[in-house]
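# Observations on the three-dimensional arrangement
Residues per chain, in single letters:
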Number of protein chains: 4
Amino acid sequence: MPGNPFEAMLSTPAMQAVFDAPAIAQAMLDFEAALAQAEALEGVIPTAAAQLIAAACRVDSIDLETWVGESRRAGSLAIPLVKQLTRRVAERDEAAARWVHWGSTSQDVIDTAMVLATRRALALLDADLQRLAAALLALAEREGDAPMLARTLMQPASVISLGFKIAGWVAPLLRCRARLQRAAGEALRLQFGGAVGTLATLGDAGPAVARRVAALLGLPTSPDEPHHAWHTQRDSWVAFGCELAVLGGVCAKFARDLSLMAQAEVGEMNEPAAPGKGGSSAMPHKRNPVACLQALAAAVRTPQRAASLLGAMAQEHERGLGNWQAELAEWVGLWTGVHAALAALAEAAEGLQVDRQRMRANIDALQGLVFAEACTARLAAVIGRPRAQALLEQLSARVAAVGPPLQALLLEAIAQDSELAASLSAADIAPLFDPAVAAELAVARATPWLAALAHELPPRTSNPAS
Amino acid sequence: MPGNPFEAMLSTPAMQAVFDAPAIAQAMLDFEAALAQAEALEGVIPTAAAQLIAAACRVDSIDLETWVGESRRAGSLAIPLVKQLTRRVAERDEAAARWVHWGSTSQDVIDTAMVLATRRALALLDADLQRLAAALLALAEREGDAPMLARTLMQPASVISLGFKIAGWVAPLLRCRARLQRAAGEALRLQFGGAVGTLATLGDAGPAVARRVAALLGLPTSPDEPHHAWHTQRDSWVAFGCELAVLGGVCAKFARDLSLMAQAEVGEMNEPAAPGKGGSSAMPHKRNPVACLQALAAAVRTPQRAASLLGAMAQEHERGLGNWQAELAEWVGLWTGVHAALAALAEAAEGLQVDRQRMRANIDALQGLVFAEACTARLAAVIGRPRAQALLEQLSARVAAVGPPLQALLLEAIAQDSELAASLSAADIAPLFDPAVAAELAVARATPWLAALAHELPPRTSNPAS
Amino acid sequence: MPGNPFEAMLSTPAMQAVFDAPAIAQAMLDFEAALAQAEALEGVIPTAAAQLIAAACRVDSIDLETWVGESRRAGSLAIPLVKQLTRRVAERDEAAARWVHWGSTSQDVIDTAMVLATRRALALLDADLQRLAAALLALAEREGDAPMLARTLMQPASVISLGFKIAGWVAPLLRCRARLQRAAGEALRLQFGGAVGTLATLGDAGPAVARRVAALLGLPTSPDEPHHAWHTQRDSWVAFGCELAVLGGVCAKFARDLSLMAQAEVGEMNEPAAPGKGGSSAMPHKRNPVACLQALAAAVRTPQRAASLLGAMAQEHERGLGNWQAELAEWVGLWTGVHAALAALAEAAEGLQVDRQRMRANIDALQGLVFAEACTARLAAVIGRPRAQALLEQLSARVAAVGPPLQALLLEAIAQDSELAASLSAADIAPLFDPAVAAELAVARATPWLAALAHELPPRTSNPAS
Amino acid sequence: MPGNPFEAMLSTPAMQAVFDAPAIAQAMLDFEAALAQAEALEGVIPTAAAQLIAAACRVDSIDLETWVGESRRAGSLAIPLVKQLTRRVAERDEAAARWVHWGSTSQDVIDTAMVLATRRALALLDADLQRLAAALLALAEREGDAPMLARTLMQPASVISLGFKIAGWVAPLLRCRARLQRAAGEALRLQFGGAVGTLATLGDAGPAVARRVAALLGLPTSPDEPHHAWHTQRDSWVAFGCELAVLGGVCAKFARDLSLMAQAEVGEMNEPAAPGKGGSSAMPHKRNPVACLQALAAAVRTPQRAASLLGAMAQEHERGLGNWQAELAEWVGLWTGVHAALAALAEAAEGLQVDRQRMRANIDALQGLVFAEACTARLAAVIGRPRAQALLEQLSARVAAVGPPLQALLLEAIAQDSELAASLSAADIAPLFDPAVAAELAVARATPWLAALAHELPPRTSNPAS
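Residues numbered from 1 in each chain as written. Chains lettered and ligands numbered in written order. Predicted model: local features only at pLDDT ≥ 70, side-chain atom pairs only at ≥ 80, totals over all residues. Heavy atoms only, no water.

## Regarding the overall build of chain A
This is how it is decided: Helix numbering and strand numbering both begin at the N terminus, where a helix is a DSSP run of H or I of at least 4 residues and a strand a DSSP run of E of at least 2. Computation of the radius of gyration draws on C-alpha atoms, with the globule rule given as 2.2 Å multiplied by the number of residues to the power 0.38. For every residue, the accessible area (1.4 Å probe, protein chains only) is compared with the maximum for its type, and the residue is labelled buried under 20%, exposed over 50%, or partly exposed between those bounds. In what follows, residue pairs with any heavy atoms lying within 4.5 Å of each other are defined as contacts. Each accessible area is a Shrake-Rupley result for a 1.4 Å probe, and residues are judged covered by the shown protein chains and nothing else. Charged residues are defined narrowly, with Lys and Arg counted positive, Asp and Glu counted negative, and His plus the chain ends left uncounted. Taken as the charge centre is NZ of Lys, CZ of Arg, CG of Asp or CD of Glu, depending on the residue.
Looking only at helices and strands, chain A has 20 helices and four strands in total. What you see for chain A is a C-alpha radius of gyration of 30 Å, clearly larger than the 23 Å of a compact globule of 466 residues, by over 25%. The buried share of chain A, reckoned over its 466 residues, is 64%. For chain A, long-range pairs separated by at least 24 residues make up 77% of all intrachain contacts whose partners lie at least 6 apart in sequence. Accessible surface computed for chain A: about 14900 Å², of which carbon and sulfur atoms make up 54%. Side-chain charges of chain A comprise 39 positive and 47 negative groups, with the mean position of each set lying 2 Å from the other.

Below, the structure written as structure tokens:
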């Protein structure tokens, strides 16, 4: 049953599955299994008990409804799960059941389960991030030389190339990717401290058990530095979440640009059409940009998710009251939201429809005004910068007010000025008004940039995750 | 299946059910049924078709998984549901199926469904709000005269009564209740505008159909003022959501106070103990304040939910791209979060354990310093304000530094001053240090206040909602 | 000196002045003067002392730098100001100085000063709100019948009228106005409770003094209901702040629409040009929408301001530690930001440039597709709905794919269908493709709506505030 | 004049000065000077002109009031400043004035000025971060072996040492420090792209000029990778801001703990007393934790600041409309807020008053319950885990209900059980109830941890910044 449909519509099923009840319960059981095995290896608990415990750590033996229902009452997801697990083990061996969860605390199992789930979430996300970047770079390869308007403060500014624009979309994606991997390396660590962080029950064996648990779960251990829990020191974790929120912002920027370019009046780029996507039964001409919808919806919510993580950091003493629990719930929302944005944009990017003619037409509609700067520079060589600038300003004002193209007015002005007429012909002037010429510099800037970006992206093979 | 367990733990099942997939689908179908019936009554569509449509508007005929799955792709919850409904009707009568959703648009059905669900959510919430207020007022009735420390900037300030403190918790609850009802009256209105808000398909019949749909759904209609859709004018809706967020803040304030009073070192008030609630298997002395946990977790998240609603308001033109969809999802989270807080606090409030002795002991531990102001006033009548004030300041400093109780030092000082000694005996001084006397003014202020609050609260009968 | 220039650029000088150091200091002194006078009237302090105190309550006797500097250290704006005031009074009369701030607490003076400043802020804001609404209604009067595209999900949907769009901008403004006034009535109240809310120092005289202070400051008093401080019960205050944030969202929605319509490729509406406004030295064709800039900048920040107010509500016990102080600072930012948005939009609205031709051209560019629905309805009368719908869907797909206008294709189809040809001539079809006809219904819907809105707006006289 | 006093009270003068109008104007002029010099070095503009321009780039030649006033109207801080600068240069040489700001755009100068200011802000912040960490480590050195209660969910849990707690405060500070330095390295980069990011005016000289400007301003250049502007690619910048917000969260966690420990009823740690700090004229016993006030006030606001930065990321096309401007203003608020928190805590940390006796008394007040776990382990060696656990659970329940200390009950139970009595004497039991023994493990865990942290902190010499 799909739960809250408003949330489901803005999520991917794949990411929802990473954090759903069975997945989290299994991840918690994975921790309990590793804990028992590690303790047995260090001689803290009997090996036979550890084997029984590990064997019982399977989610299909858990009554998930009861678990979640009781956790609400207990104020903890761990206690009711450990209770069920203990009962499962006790059915086989009462004595072994005594060693379930030994030396650990609720937060150890919950946070570590979240770490394990997040590791999967990151793999899922990264596959779509690469897919999006690759699709955009392929588009730049095909259409990157197309001249198009640059726009500042939502007004036309001058001419760039599509490849230059695409580089500006891709570069932040790859920077985010690098930062996310780095932050993950710092944040995806075993949580293990026992009741108050000292692993008191385990005494001297504590650090060794911790290292073994981490190793069994494939989490990093650092033999050189002392092991610590991070029960109420959430900085690395929240910093990781913030990096994800930054990626959400990068998706939003691309989606904002794309949605603006997809307006009928602009018409430069469109999401691909597909059955059941963004249509309207009543209006056959409509093709709604549903990938932008996903990314812009996430853009409304993601910054607030990050704010909740940050706002939850003042966790009291050795375990927080409410703030820790809120952080966990927001964590899930952050991942589902950003992944929905990224996955939708990746799919759209693979079929983006570029309309070079509209790009060109949008430039032409501005009557040459976007070339005024280039004209000034050219004339300055003949009559000096001050006179050139004054002339172009005056001509531009006439274009804006009255409407004839700048090029015509300029030719007229040249004809009327003997000094200019002696040096400049219509053939000298024409290239100044050629969008392709105007885009040349952007192409030149973009070419090595795109090459560097392509080099950064790992070669794509298959992508089983998405 | 319980979905995301971190979210479920911080929600009530009752509120989750208000917004889950079957409930929202049925609410959408209720709109479609009312629409068809209203249009038949106004002669817009055939009566027989309306009857067939209304009969088909039952959630058990909907494949919910397919619905939600397709809605993700479509970027709309309405299109795939209308498709299923149309198919159901067409199975009976192809011609009738043409009239499904006639004259309406996706946003009409989705927003109106949300309005209908929210009406139920408010009833649920209100029952628990009343329950919480009633429980606190009953506590004030029983224990309201208990003297206790007032604290400012988390430091002891002087003496009040428990009833005075409780009045300060209840008054905002009842103000929120009044504001929520008022805001609901403005926000819980039919959404109905057709494709772009003009009800174009219905022509002149539009307003009459709108009034009938509203009436059939029990939503307010105002014959005097023109009917309007509110597709991208979300102010009344978001203002309603903000009122809910304010209630979340009121819950948080009570929970913050309660959690501070429940600290072992303070020990003035505790949540009731119950099996499976807030316990710890390892530490039998632990009783975690799990209602505070719920309310404080909501306090981390609720302000951000409100910010998302506000941030989603810049909805483009006649229907928003992403922001509207984000708002709907945040709306649900806002209600589930605040209800979880309120329901948990209501349950806790009905069993709050007050320790009058600890309240008294916490006053006593301050060595009389909290009575210095009252002493100054008493002595001023004898030796004038300046001398009285100087004396008490000096004595207080000695108490803070060295430790003997202020009362002893004051008696000593009186004995050494003939003027004071002539006028004041130990018996005159003793009441100045009596917490009960000190609390008298607070009791006097609280009594009419509590009476007024009790008067505002409707008499409680049964409460089937919670 | 203008302080932080990034903040100043996004503020109005008028609103900054409402909350700057001299204004707040004077408002605090106004409270102190009223307090002394009220206490003298109730016989609590000597009349002569009250007169001296009131006479000293002038901001020009305060060293503002010292005040703010010491307040940082003290953690309170009140203590260092009261110290300076006391010294001023003591220079005249040592004994009178003893009565400065008598019976009051820091939060009383600070919160009441904030209430007084906010009352001025609201007047300022309201003047610009009315100005904006009036300018938009005047525009609707002049140009309201212009047909224009309605757009959903940032794609063209169908045809409305400019007046219909303007009504959708104005209605929320006036609803916000009504809600703000109502919320102000609840929130702009005297703060007065003494150290812990009981007015302990004043004993039985407390309530009477409170009523007098309120009356002297022009704040509401309610003789029927008990007086209470609201030191840590911030619900009415924060609810008021949230209403302001909702107004910020309403401004953002208008600005978003305007900025989209002002794009060169859309060109339907522009902010007025003026020297020094939104220009670019390099690009004479540029006219940046700087009022939109202000409103959209505020839209980024305002929701977060509201979240901070809400997040600050869990104020501990009888005075908060940090959260109260944070709330005050955010309060100021909320008002300056929303006023900057509103004032800029009001100024822009008075000179908005509407391009009816571009509105028309944008409709025409869609090749008649936005009229497909109307055509279906017309043909259905001849050949029945199913055939009509199928035909139009097929024709629309051809328009979208190949490009000839829908009208031409439709005439062709009619000519080829004897049944249609017998009933429908080109003259019957033409009005279906006439934007003015298409806009008629929107005009009809808008006319009474705009009239009702105009009726709600008070007649504007002069506006000294803005 | 101190501007808005509510904001000033929550800021440090030093950080306010980093971002005030003269500092920002000078930083913008520094960019203009470097630009002119770099362009002269690359032969783009005449050397004489560059010299005149650079000489004019002094803030004392700027009318700051006019600048800020005009910038509000222009929607840009750059245009009015460049105008003033141009006029200054033109007074010396009209021709040279033509080269002011050559090839650059508003965003280049504003963003680079922000980078330069932020570099200073980081130095200021880092000095106080180090100061705070050093003070805490010094405290751990002195008092780290003191046993104290660990608390989870705001309830006593078991015994740790003060040094263990301090290590948990310091470790995140130093991690934040490392992350901030790293993020600064990525974010504090020259902004330089000309009108639309291509440095079009400079043609082939663009990249070389960019490298020279960066070098002149002491900003990093990377000859290996292509130069790019980051006008609307804000990811590295916002990620840096988020790291600062995380540091704010770390400060809040410490402040939350400290404020809880400073409660009169807990009394384990207090901020230092000092004249004018946190006092109350009326209540001599009050010492308000004003450093906590600063940090907790920042904690309310900082997450929202980060959310605003993240929410501003969807900057349109080649320059954002409103979102960029909002981001700049929020940036300043983020730095002033976090620095106020950090500076206040650093000052407090240098004088923290620890009360070991209260720490001990708070343990003792729990009647031995926090030692139940240790007793279980000890008895298990004699009578097996199941019996030991059952016994302790039963005894603990009696302590909680009736009140005699656990130690007495346990001795009684041992005496009544011949098996236990044979193995365990009162002398064996006593250490189980000794807080110092209980804290031993925490001390052992903390010792290498604190050593590692101390090693990470650079040796402090003088600290001119704070």
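## Looking at the interface of chain D and chain A
Accessible area lost upon the coming together of the parts is a frequently used measure of interface size. Stated formally: Here the quantity called buried area is the total loss of accessible area, with a 1.4 Å probe, experienced by two parts when brought into contact, counted for both. Salt bridge, as used here: a side-chain nitrogen of Lys or Arg that lies within 4 Å of a carboxyl oxygen of Asp or Glu. For this analysis, a polar contact is any N or O atom pair within 3.5 Å, provided that within protein one partner can donate a hydrogen and the other can accept it, and provided that sequence-adjacent residues contribute only side-chain to side-chain pairs. Each residue gets one of three labels, nonpolar for Ala, Val, Leu, Ile, Met, Phe, Trp, Tyr, Cys and Pro, charged for Asp, Glu, Lys and Arg, and polar for the others, Gly among them.
In this assembly, 77 residues from chain D lie in contact with 77 residues from chain A. Taken together, the two surfaces of chain D and chain A that pack against each other cover about 6500 Å², and 62% of this comes from carbon and sulfur. The tally of links from chain D across to chain A stands at 12 salt bridges. With its nearest N and O atoms 3.8 Å apart, the salt bridge here joins A:Glu186 to D:Arg179. Linking chain D to chain A there are 34 residue pairs in polar contact (both at pLDDT 80 or more). In terms of residue class, the side of chain D that touches chain A is made up of 38 nonpolar, 21 polar and 18 charged.

## Notes on the relation of the copies chain C and chain B
In this arrangement, two copies of a chain are superimposed by a rotation about an axis accompanied by a shift along the axis. Using the following cut-off: The superposition of copies rests on a least-squares fit of C-alpha positions from residues with pLDDT of 70 or more in both.
Mapping chain C onto chain B calls for a rotation angle of 180 degrees and an axial translation of 0.0 Å; the resulting RMSD is 0.0 Å. Considering both components of the superposition, the chain copies are consistent with a two-fold axis. Considering only C-alpha atoms, the residue of chain C closest to the rotation axis is C:Ala307, which sits at 2.7 Å. Interface overlap between copies is the fraction of interface residues in one copy that are interface residues in the other; for chain C against chain B it reaches 100%, indicating a shared surface.

## Notes on the packing of aromatic side chains
Residues and elements named next belong to chain A. Inclusion rule: In this analysis, rings of Phe, Tyr and Trp, with Trp reduced to its six-membered ring, are considered paired at centre separations within 6.5 Å, and the interplanar angle assigns stacked below 30 degrees, edge-to-face beyond 60, and tilted for intermediate values.
Counted according to the given criterion, the structure contains 40 aromatic pairs over all chains. Taking 4.6 Å as the distance between ring centres and 55 degrees as the angle between the ring planes, the aromatic pair formed by Trp169 and Phe254 counts as tilted. With Trp169 in helix α9 (residues 162–187) and Phe254 in helix α11 (residues 235–261), this residue pair connects regions lying 85 residues apart in the sequence. When its relative accessible area of 3% is taken as the criterion, Trp169 is described as buried. Overall, the relative accessible area of 4% leaves Phe254 in the buried class. A ring pair is formed by Trp230 and Trp237, whose centres lie 5.5 Å apart and whose planes are at 35 degrees; its orientation type is tilted. Here the aromatic residues Trp230, Trp237, Phe240, Trp331 and Trp335 are joined through ring pairs into a cluster of three or more.

## Describing the interface of chain C and chain B
Counting residues at the interface gives 77 residues for chain C and 77 residues for chain B. Surface buried jointly by chain C and chain B totals about 6500 Å² across both partners, of which 62% is contributed by carbon and sulfur atoms. If you look at where chain C meets chain B, you find 12 salt bridges. A salt bridge links B:Glu318 to C:Lys165; its shortest N-O distance comes to 2.9 Å. Where chain C packs against chain B, one counts 34 residue pairs in polar contact (both at pLDDT 80 or more). Looking at the side of chain C that touches chain B residue by residue, the classes come out as 38 nonpolar, 21 polar and 18 charged.

## Here's the deal with the relation of the copies chain D and chain A
For the pair chain D and chain A, the best superposition has an RMSD of 0.1 Å and corresponds to a rotation of 180 degrees with a translation of 0.0 Å parallel to the axis. Most of the interface of chain D is mirrored in chain A, where 100% of its interface residues are also at the interface.

## What to know about the domain arrangement of chain A
Selection criterion: Start and end points for every domain follow an automatic or database-based domain assignment.
For chain A, the assigned domains read domain 1 (1–104 + 193–227), domain 2 (119–191 + 230–362 + 442–466) and domain 3 (367–433). Spacing between the C-alpha centres of domain 1 of chain A and domain 3 of chain A amounts to 75 Å.

## As for the pattern of salt bridges
A complete count under the given rule lists 120 salt bridges over all chains for this structure. For C:Glu186, the salt bridge identified is with B:Arg182, shortest N-O distance 2.9 Å. Linking C:Glu186 in helix α9 (residues 162–187) with B:Arg182 in helix α9 (residues 162–187), this pair reaches from one chain into another. Accessibility expressed as a relative area gives 30% for B:Arg182, which makes it partly exposed. Its salt-bridge partner being D:Glu7, residue D:Arg301 comes within 2.9 Å of it at the nearest N-O pair.

## Some words on the pairing of strand β2 (residues 155–161) of chain C
Residue and element names in this part refer to chain C. Our working rule: Following DSSP output, two strands are said to pair if at least two bridges run between them.
Taking burial as the measure, the seven residues of β2 include seven buried ones, the bulk of the element. Summarising the sheet, strand β1 (residues 147–152) and β2 pair through six bridges and their orientation is antiparallel. Across the sheet, residue Arg151 finds its bridge partner in β2, namely Pro156. Hairpin connection, β1 to β2: the antiparallel pair is bridged by two residues, and Leu153 has positive phi, about 50 degrees.

## A short note on the packing of α9(C) against helix α20 (residues 435–456) of chain C
All names here are of chain C. The line we're drawing: Here the axes come from fitting lines to C-alpha atoms, over the contacting stretch only for helices, and the angles between their N-to-C directions go from 0 to 180 degrees. By definition in this entry, angles of less than 35 degrees are roughly parallel, angles greater than 145 are roughly antiparallel, angles of 65 to 115 are roughly perpendicular, and the rest are oblique. Each crossing is labelled by how the near helix is turned from the far one, with a counterclockwise turn of less than a right angle marking it left-handed and a clockwise turn marking it right-handed.
Two elements in contact, α9 and α20, have axes separated by 9 Å at closest approach and are oriented at 30 degrees. One finds that α9 runs roughly parallel with respect to α20. Relative to α20, the crossing made by α9 is left-handed. Along the contact surface, α9 presents Gly163, Phe164, Ala167, Gly168, Val170, Ala171 and Leu174, while α20 presents Ala442, Arg445, Ala446, Trp449, Leu450, Leu453 and Glu456. Tallied by class, the residues present in the contact of α9 with α20 amount to 10 nonpolar, two polar and two charged.

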